[in-house]
Amino acid sequence: MTEAQMLTVSYSLVAGLFFTLAAIIGWIGTRMMNKMDEMNHSIIILAGDLHTRINSQDTRLTRVEVRTERLNDVLFQRSS
């Protein structure tokens, strides 16, 4: 094998390895993007659930505050 043939083969190997490396990096990047999309979807669902729970707690707290105000009004009217 001559030197020119060896250079041609080595260039072909380097190009093939570079293509393989680029393909692997692209595949890993695609998988990471898919996982990030799944995480984003899960976070959106979690945020909606937390929003619902916070609103229900706020409603309960408002009811307790209203009842307390009514009780105070009744107690202070009786003592006056």
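Everything here concerns the structure above.
Structure report, in brief.

## With respect to the overall build of the protein chain
Helix and strand counts for the protein chain come out as one helix and zero strands. Principal axes of the C-alpha set define a box for the protein chain whose edges measure 115 × 15 × 5 Å. Relative to its 80 residues, the protein chain shows a buried fraction of 0%. As presented, the protein chain carries roughly 7700 Å² of accessible surface, and 66% of it is formed by carbon and sulfur atoms. Distance from the positive charge centre (8 side chains) to the negative charge centre (8 side chains) of the protein chain: 14 Å.

## Description of a positive patch on the surface
Taken together, Arg60, Arg63, Arg67 and Arg70 make up a surface patch of like positive charges. Here Arg70 lies in helix H1 (residues 3–79).

## Points about the pattern of salt bridges
Tallied over the full model, the rule gives one salt bridge. In this structure, Asp49 and Arg53 form a salt bridge, with 3.6 Å as the shortest nitrogen-oxygen distance. Of this pair, Asp49 and Arg53 both sit in helix H1, four residues apart, which is roughly one turn of that helix. With a relative accessible area of 53%, Arg53 lands in the exposed category.

## Regarding the environment of Met33
As for its position among the elements, Met33 is in helix H1. On a C-alpha basis, the gap between Met33 and His51 in space is 27 Å, while along the polypeptide they are 18 residues apart.

Cut-offs used in this document
Residues numbered from 1 in each chain as written. Predicted model: local features only at pLDDT ≥ 70, side-chain atom pairs only at ≥ 80, totals over all residues. Heavy atoms only, no water. Helix = DSSP H or I, 4+ residues; strand = E, 2+ residues; numbered from the N terminus. Buried < 20%, exposed > 50% of the residue type's maximum accessible area, 1.4 Å probe, protein only. Areas by Shrake-Rupley, 256 points an atom, 1.4 Å probe, with all protein chains shown as cover. Lys, Arg positive; Asp, Glu negative; His and termini not counted. Charge placed at Lys NZ, Arg CZ, Asp CG, Glu CD. Patch = residues over 30% accessible without salt bridge, like charges linked within 9 Å, V, L, I, M, F, W, Y side chains within 5 Å. Salt bridge = Lys/Arg side-chain N within 4 Å of Asp/Glu carboxyl O.

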